[in-house]
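So you can see what is in the structure, the chains are spelled out below.
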Amino acid sequence: MSTASQVATHVPPADPAHPAVGAATSLLDAYAPGDHFLATPGRTLLARGAGRQVPHDGRPLTERVDAALAEAVAAGQESPVVIGAIPFDHTAPAALHIPATVRSAPPLASDPLIALPAGSSATADWRIRPVPEPEVYGEGVAAAVARMWRGEFSKVVLARTLELTSDAPLDLPAMLQRLARRDPSGYTFALPTGPARTLIGASPELLVSRRGNQVVSNPLAGSTPRSDDLAEDVRRAATLLESVKDLHEHAVVVDAVHQALAPHCTDMTVPARPTLIRTATMWHLSTTVTGTLTSPDTSALDLAMALHPTPAVCGTPTRTARQVIVETEPFDRGFFTGVVGWGNAEGDGEWVVTIRCAEAEERTLRLYAGAGVVAASEPEAETAETGAKFRTFLSAVGAEL
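Below, the structure is looked at part by part. (Residues numbered from 1 in each chain as written. Predicted model: local features only at pLDDT ≥ 70, side-chain atom pairs only at ≥ 80, totals over all residues. Heavy atoms only, no water.)

1. Quick look at the overall build of the chain
Put simply, the test is: Counting from the N terminus, the helices are the DSSP runs of H or I reaching at least four residues and the strands are the DSSP runs of E reaching at least two. The size measure is the radius of gyration over C-alpha atoms, and the globule rule it meets is 2.2 Å times the number of residues to the 0.38 power. The buried label goes to any residue with under 20% of its type's maximum accessible area, the exposed label to any with over 50%, and the partly exposed label to all in between, with areas taken from a 1.4 Å probe on protein chains only. We call two residues contacting when some pair of their heavy atoms lies within 4.5 Å. Here, Shrake-Rupley sampling with a 1.4 Å probe gives the accessible areas, and only protein chains in the shown set may cover a residue. Asp and Glu count as negative and Lys and Arg as positive, but His and the ends of the chain are not part of the count. By convention, the point assigned to a charge is CZ for Arg, NZ for Lys, CD for Glu and CG for Asp.
Along its length, the chain carries 9 helices and 23 strands. Its C-alpha atoms give the chain a radius of gyration of 20 Å, near enough to 21 Å, the size a compact globule of 401 residues would have. For the C-alpha atoms alone, the extent of the chain along its principal axes is close to 60 × 50 × 45 Å. Across the 401 residues that make up the chain, the buried fraction comes to 53%. Counting contacts in the chain only where the partners sit at least 6 residues apart, residues at least 24 apart contribute 75% of the total. Working note: accessible area of the chain is about 16,600 Å², and carbon and sulfur atoms make up 55% of it. Both charge centroids of the chain, one from 32 positive and one from 45 negative side chains, sit 1 Å from each other.

In structure tokens:
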């Protein structure tokens, strides 16, 4: 008998002193392509069944989601949950569903079995094509910096991609296992975004969560690659905490988050200085912003849409940065730097910034990585940062640049 259960309106955090052995990893092990899998520091979710798709029409996304959840409740579905992905351009079609069944468990990090190795990945002869080439990406960074010095805008996030192609079919469950076990305290996801298409990744960044009247956002901006040498790794972390360029970039993002949440919250707490969080490959400047919701009618998704896109994934001013992205990036971001997560009919939910991810289709993976470009940025450093961010996914598929 499974230790996981039908999803509840509120899934309490696991008691770390009495972890539910195997509950979370059983859902990870049960994942199959076409399922919705989402693991956060608060819960692990596995959703199955066609259920209801949130339609794409002229109404605001939040209205469409609210209506779909209300219809599910009226049809007798107990504790319906919407889960899925929203693109960078939130006016484009989203991939949001209200599945027929949702099984839940405590967080992966609370399950002792998550420490077991994921197993070696199947050998794949990957053909890797960068889009654009690193040199072209660096030229785009240099051009953006020149425009900033002319006063046109203050920040833009520029991304590049790697297209990986294999002769063998993609093993999505194995990729998900490796991503989840490498960073079990993060936000790991595998979500269908179209016929035979899956968005898969492991993001470190919470856009916003709501539980009752408590609101939390954890913006990240300012990063440096980690080192395998402990002394060098510590030195890099300490340098990041004192970096004028990165502290400025981070402050811009935190201020934008504060301004977006302030109309919806009281008793807001915004720390004066950031701290550090780490993933397997990166150090990030991190600030946890908290507040108390003013109105119970404001859902987690309402807050996410008020925040998205933050300067951490777009830039500032937003409209100008969007235009620079369109002019510079030779691809459509799709769901990269969008939002993934879940929400319920009571308005609770967790929505995460879609980074450290890839879009999988048949035998092809498209990996994405971006870097925040400010006036003090150097093309070589930003190119190296995106290369380090690619490592999260490259290690999950046994590929190297």
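Okay, back to it.
2. What to know about the pairing of strand 3 (residues 44–48)
Rules: For two strands to be treated as a pair, DSSP must find no fewer than two bridges joining them.
Most of strand 3 sits inside the fold, with 4 of its 5 residues counted as buried. Pairing of strand 2 (residues 36–39) with strand 3 involves 4 bridges; the strand directions are antiparallel. Bridge pairing links Leu38 to Leu45 in strand 3. Adjacent in sequence and paired antiparallel, strand 2 and strand 3 are bridged by 4 residues. Inspection of the sheet shows strand 3 paired to strand 7 (residues 101–105) by 5 bridges, in the antiparallel sense. Paired with Leu46 across the strands is Arg103, a residue of strand 7.

3. Looking at helix 5 (residues 230–242)
Our working definition: A helix's residues, less one, multiplied by 1.5 Å, set its expected span. By arc we mean the arc of the directions from the helix axis to the C-beta atoms, nothing more. In the analysis that follows, any N or O atom pair within 3.5 Å is treated as a polar contact, provided that within protein one partner can donate a hydrogen and the other can accept it, and provided that, for residues neighboring in sequence, both atoms belong to side chains.
Between its first and last C-alpha atoms helix 5 spans 19 Å; for 13 residues at 1.5 Å apiece the expected length is 18 Å, and the two agree. The set of residues buried in helix 5 consists of Asp233, Ala237 and Leu240. Viewed along the axis of helix 5, the buried residues span an arc of 65 degrees, placing them on a single side of the element. Facing away from the buried surface of helix 5 by more than 90 degrees, the exposed residues are Ala231 and Glu242. In this fold, the buried residues of helix 5 make contact with strand 14 (220–225), helix 6 (244–261), strand 16 (275–278) and strand 17 (282–286). A side-chain oxygen of the first residue of helix 5 lies 3.3 Å from the backbone nitrogen of Ala231; this N-cap is Asp229.

4. Observations concerning the sheet that holds strand 18 (residues 289–293)
Spelled out, the test is: Think of each axis as a best-fit line through the C-alpha atoms, taken over the contacting stretch in the case of a helix, with angles from 0 to 180 degrees between the N-to-C directions.
Strands sit in the order 4-6-5-20-21-12-13-18-15 across an open sheet of 9 strands; the sheet is antiparallel. Two strands lie at the open edges of the sheet, namely strand 4 (52–53) and strand 15 (265–269), each paired on one side alone. Bridging between strand 13 (residues 214–217) and strand 18 involves 4 bridges; their strand directions are antiparallel. When the sheet's bridge partners are listed, Val216 is paired in strand 18 with Thr290. Lying on the sheet, helix 7 (residues 300–307) is in contact with strand 5 (81–86), strand 12 (206–211), strand 13, strand 18, strand 20 (339–344) and strand 21 (349–353); it crosses strand 12 at an angle near 155 degrees.

5. Observations concerning the sheet that holds strand 16
Each strand in a sheet pairs with its neighbour through backbone hydrogen bonds, running either in the same direction (parallel) or in the opposite one (antiparallel). As summarised here, the arrangement of the 3 strands in space is 14-17-16, forming an open sheet in which the pairing is antiparallel. Two strands close off the open sheet at either side, each with one partner strand: strand 14 and strand 16. Averaged over all adjacent pairs, the angle separating strand axes in this sheet is 30 degrees, with direction ignored. Summarising the sheet, strand 16 and strand 17 pair through 4 bridges and their orientation is antiparallel. Directly across from Ile277, in strand 17, lies its bridge partner His284. Relative to the sheet, helix 5 contacts strand 14, strand 16 and strand 17, its axis offset from that of strand 17 by approximately 25 degrees. Strands in contact with helix 9 (residues 379–397) are strand 14 and strand 17; relative to strand 17, the strand with the most contacts, it is inclined by about 105 degrees.

6. So, the pairing of strand 9 (residues 155–165)
Across the 11 residues that make up strand 9, a large majority, 10, are buried. With 5 bridges joining them, strand 8 (residues 127–131) and strand 9 adopt antiparallel strand pairing. From the neighbouring strand, Arg129 faces strand 9, where its bridge partner is Glu163. In this structure, strand 9 lies alongside strand 19 (residues 315–316), joined through 2 bridges in antiparallel fashion. Within strand 19, the position partnered with Val156 by the bridge is Gly315.

7. What to know about the side chain of Thr287
Looking at the element boundaries, Thr287 is found in the loop between strand 17 and strand 18. Beyond its immediate stretch of four places on either side in the chain, Thr287 contacts Ser217, Asn218, Pro219, His250, Val254, Pro271 and Pro274.

8. Some details on the environment of Ile355
Relative to the helices and strands, Ile355 resides in the loop between strand 21 and strand 22 (357–361). Between the C-alpha atoms of Ile355 and Thr91, which are 264 residues apart in sequence, the distance is 19 Å. Leaving out residues up to four positions away in the same chain, Ile355 has contacts with Phe189, Ala202, Ser203, Pro204, Glu205, Phe336 and Thr337.

9. Here we look at the environment of Trp342
Note on placement: Trp342 falls in strand 20. Taking the C-alpha atoms as reference points, Trp342 and Gly84, 258 residues apart in sequence, are found 6.7 Å from one another.

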